[in-house]
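Each chain, written out:
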Amino acid sequence: MTTNPDPHFACGSNFHLTRRALLKGTGMTGLTWLTPLAELLALEAEVAPKGKPAHSVIFLWLAGGPSQLDTFDPQPNSKIGGGVRAIDTAISGLHFASGLEQTASIMQDVSLIRSMVSKEGDHERGFYNIKTGYRPIPNLTHPAIGSIICHELPNAKIEIPTHVSILPDRWPARGGFLGAEYDAFQIGDPAEPIPDVQPISGVDGLERRIADLQVIEHAFARGRRPDLDQAKTLHQVTMQKAQRIMSSDQLKAFDVSKVPTADRAVYGDTPFGRGCLAAVRLIEAGVRCVEVTLNGWDTHANNAEGQAKQVAILDAAYASLIRDLKRRGLLDHTIVLCGGEFGRTPKINLLEGRDHWPSGFSMLVAGGGFAGGRVIGETDSTGEKEAPADPVHVEDLHATVQHLLGIDSSKEIMTSIGRPIALSDGNVIHKLEM
Amino acid sequence: MKFFSSSRSWPTWLRHSILLAIVIGSAAIELRSLLSLPVAVQSQPILKALPNEEDIRNTARIVDTAFEAAWNQNNIQPASRADTLTIVRRLSLALTGSIPSLQEIRELEMHPEDERVAWWFTHLLVDRRSSNYLAERLARVYVGTEDGPFIVYRRRRLVEWLSDELYANQPYDQIVRSLIDAQGIWTTNPESNFISVTVEPDKGPSEAKLATRVSRAFLGVQMDCVQCHDGKLDSNWKQQDFHQLAAFFGQSGFALTGLCDDPKDKYEFRYLRQKEEKIIGAVVPWQPELLPEHGAPRQRLAKWVTARDNKPFARTFVNRLWALMLNRPLVLPIDEIPLNGPFPPGLEILADDFSSHGYDVQRLIRVIVATRVFQLRSDSTDPNKLLTTEAEQQWAAFPMTRLRPDQMAGSVIQAASLNTLDAETHVIFRLKRSIDVNNFVQRYGDVGEDEFGNQSGTITQRLLLMNGNMISNNIGTDVLTTAAARISLLAPDSSTAIETAYLAVLTRRPSTMEAEYFSAKLAKTQENKTRSIAMSDIYWSLLNSTEFSWNH
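**Q** Before we go on, may I ask you to explain the overall build of chain B in this structure?
**A** In terms of helices and strands, chain B carries 27 helices and six strands. Counting all 552 residues of chain B, 52% fall into the buried class. Within chain B, contacts between residues at least 6 apart in sequence are counted, and of these 69% link residues at least 24 apart.

Okay, here's the thing in structure tokens:
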């Protein structure tokens with residue numbers, strides 16, 4: 001199947017200032033979304049995984065490249081171990097590096113891939129690869145998987161953005177050839193106010209300004225196609241959606257300051273911890289995809305110390321997120337991925353650091369149809385072999401996530417360069433399915 | 001001051017320095033001169049005919065004839081000619097990434113109507129902003145937007161070098177030869193960054209990445225899709241074609257003197273279904289007779305790529321420059337031009353003119369600007385005969401395209417300053433502009449190398465334009481820092497104030513209806529404060545209009 005990535009928007013021809021009018025406009029927009037949604041529902045019946053498909057995803061990106069040897073694939077007492085101490089986990093025979101005690105205790109709900117492989121050893125290219133499932137090519141940007149999900153599984157009910165990036169690194173998720181409307185909405189530390197949603201002139205001032213704007217829009221529209229806005233510029237559409245967001249009660253999902261102190265504390269008093277807490281609340285509010293980034297894993301020097309510092313932040317946040325999703329009944333339909341763009345070398349360099357290693361790194365997968373308690377792949381305990389046993393390619397992980405969401409990853413989208421490109425060209429890893 | 005309180009992320013010393021500069025540099029009498037035409041302003045000498053002007057016009061006429069034949073054949077009625085200020089805005093966005101300032105518009109309008117476009121063009125060509133901006137756009141094609149390997153790569157140095165070359169109007173074939181055959185250290189020989197950006201850890205420059213760049217950026221063919229095996233995506237290229245091109249970079253490496261070639265090195269590759277790697281010979285994919293027999297591989301490749309009879313080279317740059325000027329290439333995808341046609345109207349004429357005039361980039365820009373297509377309206381003057389999508393597709397109307405993030409940021413900042421922000425601007429203001437643009441683009445979202453996608457706006461972008469810091473900082477009521485407040489305070493009457501705001505933001509005068517509506521709004525205000533707020537409202541609405549966000 002080949003489709004064009006046209007946005008499925010429609011709206012009235014004039015600006016509407018009242019909430020009622022806005023909701024009316026929303027209804028109209030929703031109607032136009034029904035057709036592709038109905039198509040998707042029909043499609044789901046053909047390709048659905050076992051059980052009910054997932055419908056939301058959380059990506060926890062560990063930016064910089066976490067060391068698999070200091071986290072989920074320790075090799076204690078070996079020449080490549082770097083002095084790491086291993087601990088038991090909830091799965092017999094599975095060991096983690098010390099510092100991950102909380103995560104170790106929930107591994108019955110989580111599976112581990114120890115054999116992720118990529119061909120990209122550079123941060124930017126590696127991130128592009130892990131976020132899109134494709135290697136970078138000139139003149140075309142592939143969509144991040146969150147954008148694909150929002151494109152394929154639109155949710156007309158939600159007023160706030162359905163694709164959110166919390167604490168984005170330099171490369172937040174982008175819509176690529178699907179269109180910039182599928183870019184992730186970026187926010188920083190959820191302790192801070194959400195950017196740009198408060199009208200700078202107050203509500204009255206905004207209405208006054210939009211009334212003025214209509215005069216300018218009217219002048220520009222003369223002599224132009226009447227469907228210019230709906231078919232091309234989406235100016236009024238985005239203006240209306242922006243106003244919906246600005247006045248939406250669902251914005252509260254971003255705000256973690258009202259969460260009881262004890263509930264916040266378990267995530268750790270860190271921006272990443274608060275980001276994970278906000279991610280759970282956003283998923284509960286109906287957001288399709290949230291990515292939260294934890295930077296600081298690029299330990300070319302003093303690896304052990306640097307990794308341990310990040311592990312402490314990750315452990316509390318990750319374990320709390322999984323527990324919280326499960327407690328709220330969200331884990332069954334929410335996929336959670338946690339990992340970096342690559343791992344780190346078995347060899348420790350002269351600065352006591354580890355360098356980039358895309359040939360066998362770790363990824364945690366949980367929820368949304370992923371089985372818990374399984375381990376895929378194995379790396380070489382001597383560090384001499386480059387390829388791990390049972391390698392999992394980045395694109396295969398993407399195909400699997402899409403499969404669990406009921407998305408046909410073989411579906412092709414016609415791109416602006418005139419070429420159809422499949423949502424993913426990987427293969428589903430069925431042994432990770434529940 | 002609100003301006004500074006909302007810029008709390010800036011260092012104190014910077015805020016204080018800016019304040020000092022503003023106080024010293026802002027003479028109200030100078031600002032007042034911008035609010036009405038009669039006040040004399042310093043201007044460049046009125047333009048006399050540019051060299052080869054008639055020759056340029058003749059070439060443009062030949063291009064026009066080709067397009068007109070296509071319109072007639074398809075029974076398409078083209079749009080009428082756009083007004084001068086609209087053309088000036090397009091030129092400014094294409095060459096500097098920003099709308100013209102009010103100061104520039106005032107200077108422009110001192111010249112006779114029929115000389116204004118040419119004067120404006122000359123004004124921009126000698127403006128360093130143009131070469132800087134074009135260099136950045138071309139650098140995206142040559143090395144992408146990635147930071148690259150820090151130890152051996154300095155993107156900024158490459159962009160500066162490109163800017164110098166373009167400013168000096170060095171022949172384009174010479175620029176490209178310098179890139180492909182670069183030698184030396186990436187800091188002192190900036191062109192070598194074209195090669196060093198592809199360096200992979202422990203491996204040196206990537207032959208495959210360089211073959212991809214060369215084929216796409218300079219030859220307009222996508223050979224990299226057959227990198228792994230033949231027949232991918234119905235490509236006519238063979239895997240062998242790609243790797244034989246890559247082999248020209250097989251000797252590239254680094255020594256103490258920086259990038260150099262080592263004749264002992266060879267490019268080795270294992271083809272699909274072959275058991276072993278083998279040495280791949282350097283072979284060009286077409287017209288082997290143009291390849292010099294002697295010389296280092298990269299030197300030979302550089303000469304072959306830029307050979308006068310290697311027409312894909314000229315076509316590729318014409319297609320790229322056309323896209324930079326009109327925001328859409330003649331051939332899509334921009335880097336997949338058929339070797340043997342068919343070609344769209346204009347392409348062969350412009351390519352032949354480009355190669356036969358020594359690959360003169362400035363001349364090519366002048367020819368494109370002189371074409372009828374560049375000067376067409378994007379709308380219809382007859383409400384009963386609206387332009388069709390097909391008319392726009394066939395270049396019978398100027399294509400409407402959304403401003404790129406950097407253009408949007410540059411234009412918001414320029415609109416908020418009545419004076420031109422250029423190389424003559426005080427370094428503190430330029431620093432502030434640079435910081436503001438970077439922050440804005442980061443939040444607005446950079447399009448990277450995918451510059452000519454048909455992008456509409458996003459929610460994040462809309463919210464940023466409605467409520468973001470850059471907007472609130474630039475439309476506030478602080479008379480020292482925002483154009484809106486200065487216009488409100490200094491304009492002699494409401495009508496002048498409205499006209500000034502329209503010129504500063506939309507590069508046009510208001511229609512009668514707009515003038516009446518906004519003048520009445522301003523006239524209702526009695527005190528300076530409420531007048532200032534009303535002007536701030538108008539500025540917000542102008543900046544949030546479709547017209548501001550789109551190149552038309």
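Moving on from the model shown.
**Q** Got a minute to help me understand the overall build of chain A in this structure?
**A** Counting secondary structure elements, chain A contains 11 helices and 16 strands. Expressed as a percentage of the 434 residues in chain A, the buried residues total 55%. Sequence-distant contacts, at least 24 apart, represent 72% of the contacts inside chain A between residues at least 6 apart.

**Q** For this particular structure, what's the right way to read the interface of chain A and chain B?
**A** Put simply, an interface is often sized by how much accessible area is lost when its parts join up. Between chain A and chain B, the contact holds 46 residues from the first and 50 residues from the second. Broken down by secondary-structure element, the contributors of at least two residues to the side of chain A that touches chain B are β7 (185-187), α5 (202-221), α6 (228-233) and α7 (235-246) of chain A. It is α5 of chain A that provides the largest number of residues to the side of chain A that touches chain B, a total of nine residues. Residues of the side of chain A that touches chain B, tallied by class, amount to 19 nonpolar, 13 polar and 14 charged.

**Q** Explanation requested: the pairing of strand β9 (residues 334-339) of chain A in the structure shown.
**A** In the case of a regular strand, side chains alternate between the two sheet surfaces. Residues and elements named next belong to chain A. Judged by how many residues are buried, β9 sits mostly within the fold: six of six residues are covered. Because side chains alternate across β9, one face comprises the buried residues Thr 334, Val 336 and Cys 338, and the other comprises Ile 335, Leu 337 and Gly 339, equally buried. As paired strands, strand β2 (residues 56-62) and β9 are joined by six bridges and run parallel to one another. Among the inter-strand pairings, Phe 59 is bridged to a residue of β9, identified as Leu 337.

**Q** Would you take a moment to explain helix α15 (residues 311-326) of chain B for this structure?
**A** Since the α-helix advances by 3.6 residues per turn, residues separated by three or four positions end up pointing in the same direction. Residues and elements named next belong to chain B. Here α15 contains 16 residues, and its C-alpha end-to-end distance of 22 Å stays within 8% of the 22 Å for a straight helix at 1.5 Å per residue. Counting buried positions over the 16 residues of α15 gives 14, a clear majority of the element. Two residues or fewer past α15, Asn 327 is found with a positive phi of approximately 70 degrees.

**Q** Explain unusual backbone geometry to me, please; I cannot follow it from the model alone.
**A** Most of the time, phi is negative for any residue but glycine, and the peptide bond is trans. Geometrically, the link from Leu 332 of chain B to Pro 333 of chain B is a cis peptide bond, its omega value of -10 degrees lying close to zero. Checked against the element boundaries, Pro 333 of chain B lands in the loop between α15 and α16 (347-356). Look at the link from Gly 341 of chain B to Pro 342 of chain B: it is a cis peptide, with omega at 5 degrees. One non-glycine residue, Glu 352 of chain A, adopts positive backbone phi at about 65 degrees.

**Q** It is not clear to me how the confidence of the model for chain A should be interpreted in this structure. Could you clarify?
**A** The predicted coordinates ought not to be read in detail in places where the model reports low pLDDT. Looking at chain A as a whole, its pLDDT mean stands at 86, while 88% of the residues score no less than 70. Here residues 1-48 of chain A is a poorly scored stretch, pLDDT under 50, and it has 69 contacts once near neighbours within four places are set aside; other chains count.

**Q** I would appreciate a short explanation of the environment of Leu 337 of chain A in the present structure.
**A** Mapped onto the fold, Leu 337 of chain A is located in strand β9. A sequence separation of 39 residues divides Leu 337 of chain A from Asp 298 of chain A, and the C-alpha atoms of the two residues are 19 Å apart.

**Q** Looking at this structure, how should I read the environment of Ser 101 of chain B?
**A** Residues and elements named next belong to chain B. The residue Ser 101 is located in the loop between α5 (84-96) and α6 (102-108) in this model. For Ser 101 and Ser 417, which are 316 residues apart along the polypeptide, the C-alpha to C-alpha distance reads 7.4 Å. Setting aside residues no more than four positions away along its own chain, Ser 101 makes contact with Gln 414, Ser 417, Leu 418, Asn 419 and Thr 420.

**Q** Got a minute to help me understand the pairing of strand β1 (residues 252-255) of chain B in this structure?
**A** Residue and element names in this part refer to chain B. With four bridges connecting them, β1 and strand β2 (residues 258-261) associate as antiparallel partners. Its bridge partner being in β2, Ala 255 is matched across the sheet by Gly 258. A loop of two residues connects β1 with β2, the two strands running antiparallel in sequence.

**Q** Please clarify how the packing of helix α24 (residues 494-506) of chain B against helix α25 (residues 512-523) of chain B should be interpreted in this entry.
**A** The relative placement of two packed helices comes down to the angle between their axes together with the axis-to-axis distance. Residues and elements named next belong to chain B. Interaxial distance between α24 and α25 falls to 9 Å at its minimum, and their mutual angle equals 125 degrees. The angle between α24 and α25 places the two elements in the oblique class. Viewed along their axes, α24 and α25 form a crossing whose handedness is right-handed. Contact residues: α24 offers Ser 494, Ser 495, Ala 497 and Ile 498, while α25 offers Ala 515, Phe 518, Ser 519, Leu 522 and Ala 523. Split into classes, the residues belonging to the contact of α24 with α25 amount to six nonpolar, three polar and no charged.

**Q** Would you mind going over the confidence of the model for chain B with me for this structure?
**A** Residue and element names in this part refer to chain B. Residues with a pLDDT of 70 or more make up 86% of chain B, whose mean pLDDT is 85. Long-range and interchain partners of residues 18-33, a stretch whose pLDDT sits below 50, account for 18 contacts in this model, where long-range means more than four residues apart. Scoring of the predicted complex yields 0.79 for pTM and 0.85 for ipTM.

**Q** Quick question: what am I supposed to make of α24 of chain B here?
**A** All names here are of chain B. Here α24 is 13 residues long and its end C-alpha atoms lie 18 Å apart, about the 18 Å a rise of 1.5 Å per residue gives. The buried fraction of α24 is high, at 11 of 13 residues. For α24, the complete set of buried residues consists of Ser 494, Ala 497, Ile 498, Glu 499, Thr 500, Ala 501, Tyr 502, Leu 503, Ala 504, Val 505 and Leu 506. Count one or two residues on from α24 and you reach Thr 507, which has phi positive near 55 degrees.

**Q** I keep staring at the environment of Ala 173 of chain A and nothing clicks. Help me out?
**A** Among the secondary structure elements, Ala 173 of chain A is positioned in the loop between β6 (163-166) and β7. Setting aside residues up to four positions removed in sequence, Ala 173 of chain A forms contacts with Lys 131, Ala 144, Gly 146, Ser 147, His 163, Ser 165, Ala 184 and Glu 291 of chain A.

Procedures and definitions
- Residues numbered from 1 in each chain as written.
- Chains lettered and ligands numbered in written order.
- Predicted model: local features only at pLDDT ≥ 70, side-chain atom pairs only at ≥ 80, totals over all residues.
- Helix = DSSP H or I, 4+ residues; strand = E, 2+ residues; numbered from the N terminus.
- Buried ≥ 20, exposed ≤ 12 C-beta atoms within 10 Å, placed from the backbone.
- Contact = placed C-beta atoms within 7 Å.
- Nonpolar A, V, L, I, M, F, W, Y, C, P; charged D, E, K, R; others polar.
- Pairing = 2+ DSSP bridges.
- Expected span 1.5 Å × (residues − 1).
- pLDDT = per-residue confidence, 0-100.
- Axes fitted to C-alpha atoms, helices over the stretch in contact; angles between N-to-C directions.
- Parallel < 35°, antiparallel > 145°, perpendicular 65-115°, else oblique.
- Left-handed = near helix turned anticlockwise from the far one by under 90°.

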